[in-house]
Amino acid sequence: MKIGITGGIGSGKSTVCRLFAQRGIAVYDSDREAKRLMTEDAALRAAISARFGAEAYTADGALNRGYLASRVFTDSEALADLDALVHPAVKADFAAWAARQLSPYVVLESAILFEAGLEHSVDRTVAVVAPFELRLERTCRRDGCDRESVLRRMAAQLDDDTLRDRADYCVVNIREEDLEPTVAELDRRFTLEAHHRRHDA
């Protein structure tokens with residue numbers, strides 16, 4: 001069974017995923033894996049180079065993040081093209097990875113679960129939400145950046161109400177110490193459901 005966990009910037013999505021990992025659940029960080037695939041997956045590299053030019057990679061083969069970011073930041077069509085290349089590669093990689101895991105269920109962590117259509121790759125979805133000001137404050141503290149740049153990043157993401165409506169479960173993250181019992185409850189629920197699914201299958 002596959003669980004998708006999403007949440008806006010500063011919501012604490014990664015903290016929730018870490019708590020699942022501490023309970024022995026395998027977690028796939030789609031953001032990190034997408035970056036890895038853009039460097040290691042030969043077919044994806046070729047497709048990115050074909051669409052964005054040879055400058056998409058440095059002479060030593062590393063992804064030229066600055067160049068790519070400058071191309072997609074102001075051009076929504078270029079961003080859509082990049083997503084259309086990267087998202088299918090992530091979906092395929094996640095499916096192959098999930099098949100190798102031994103935990104009763106696995107977690108897919110993605111900031112853009114719904115935007116990338118990744119909710120179709122999982123059985124249940126969890127949205128991590130938090131009050132707006134708290135998210136702002138956490139992100140400024142974590143990334144050492146100003147409110148304006150955080151507000152811009154937040155504006156580009158789905159808002160909490162939309163996430164709440166679309167997800168199967170919602171975790172409200174105000175105090176980190178309150179997350180532990182919430183994750184424990186979800187873990188019990190998912191383990192039970194995964195167990196029933198195996199038996200029904």
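Refer to the structure above for everything that follows.
Since this is a predicted model, take the numbers as computed values, not measurements.

(A) Expanded view of the nonpolar core. Within the largest apolar cluster, 32 residues are counted, with the highest numbers of intra-cluster contacts made by M38, I48, F52 and F94. Counting residues per element, the ones that place at least two in this core are β2 (26–29), α2 (30–40), α3 (42–52), α4 (65–73), α5 (76–100) and β3 (106–109). Top element by residues in this core is α5. It accounts for eight residues. Excluding anything up to four places from it in sequence, F94 contacts K2, Y28, V106, L108, S121 and V122. Counting residues in each nonpolar core, the second largest holds 18 residues, with C17, V126, L179 and V183 among its members.

(B) Spotlight on the layout of surface pockets. Volume-wise, the largest pocket comes out at about 1,800 Å³. Counting only elements with at least two residues in the lining of the largest pocket, the list comes to α1 (13–22), α2, α4, α5, α6 (132–143) and α7 (147–155). Split into classes, the residues belonging to the lining of the largest pocket amount to 17 nonpolar, 14 polar and 16 charged.

(C) Summary view of the pairing of strand β5 (residues 169–172). What you see with β5 is a clean split: Y169 and V171 sit on the buried side and C170 and V172 on the side with no burial. One ladder, built from four bridges, connects strand β4 (residues 124–129) with β5; its direction is parallel. When the bridges of β5 are listed, V126 appears paired with Y169.

(D) The arrangement of the side chain of K13 in detail. Take K13: it is sitting in helix α1. Beyond its immediate sequence surroundings of up to four residues, K13 is in contact with I5, T6, G7, E109, S110, A111 and V128.

(E) Representation of the sheet that holds β2 within the structure. A sheet is described by the order of its strands in space; here five strands give the open sequence β2-β3-β1-β4-β5, paired in parallel fashion. Two strands in the sheet have a free side with no partner beyond their single neighbour: β2 and β5. Averaged over neighbouring strand pairs, the angle between their axes works out to 25 degrees when direction is ignored. As paired elements, β2 and β3 share four bridges and run parallel to each other. Its bridge partner lying in β3, A26 is registered against V106.

(F) Looking closely at α6. Here α6 contains twelve residues, and its C-alpha end-to-end distance of 17 Å stays within 8% of the 16 Å for a straight helix at 1.5 Å per residue. Burial in α6 covers these residues: R135, L136, R138, T139 and C140. Buried-residue contacts for α6 involve α7 and α8 (160–166). Once α6 finishes, G144 follows within two positions and takes phi at roughly 60 degrees, a positive value.

Rules and cut-offs
Residues numbered from 1 in each chain as written. Predicted model: local features only at pLDDT ≥ 70, side-chain atom pairs only at ≥ 80, totals over all residues. Heavy atoms only, no water. Core = buried A, V, L, I, M, F, W, Y, C linked by side-chain atoms within 4.5 Å. Buried < 20%, exposed > 50% of the residue type's maximum accessible area, 1.4 Å probe, protein only. Helix = DSSP H or I, 4+ residues; strand = E, 2+ residues; numbered from the N terminus. Contact = heavy atoms within 4.5 Å. 1 Å grid on protein atoms, 1.4 Å probe; cavity = no way out; pocket = protein on both sides within 12 Å on 5 of 7 lines; lining within 4 Å. Points joined across faces, edges and corners; volume = space filled by probe spheres on them. Nonpolar A, V, L, I, M, F, W, Y, C, P; charged D, E, K, R; others polar. Pairing = 2+ DSSP bridges. Axes fitted to C-alpha atoms, helices over the stretch in contact; angles between N-to-C directions. Expected span 1.5 Å × (residues − 1).

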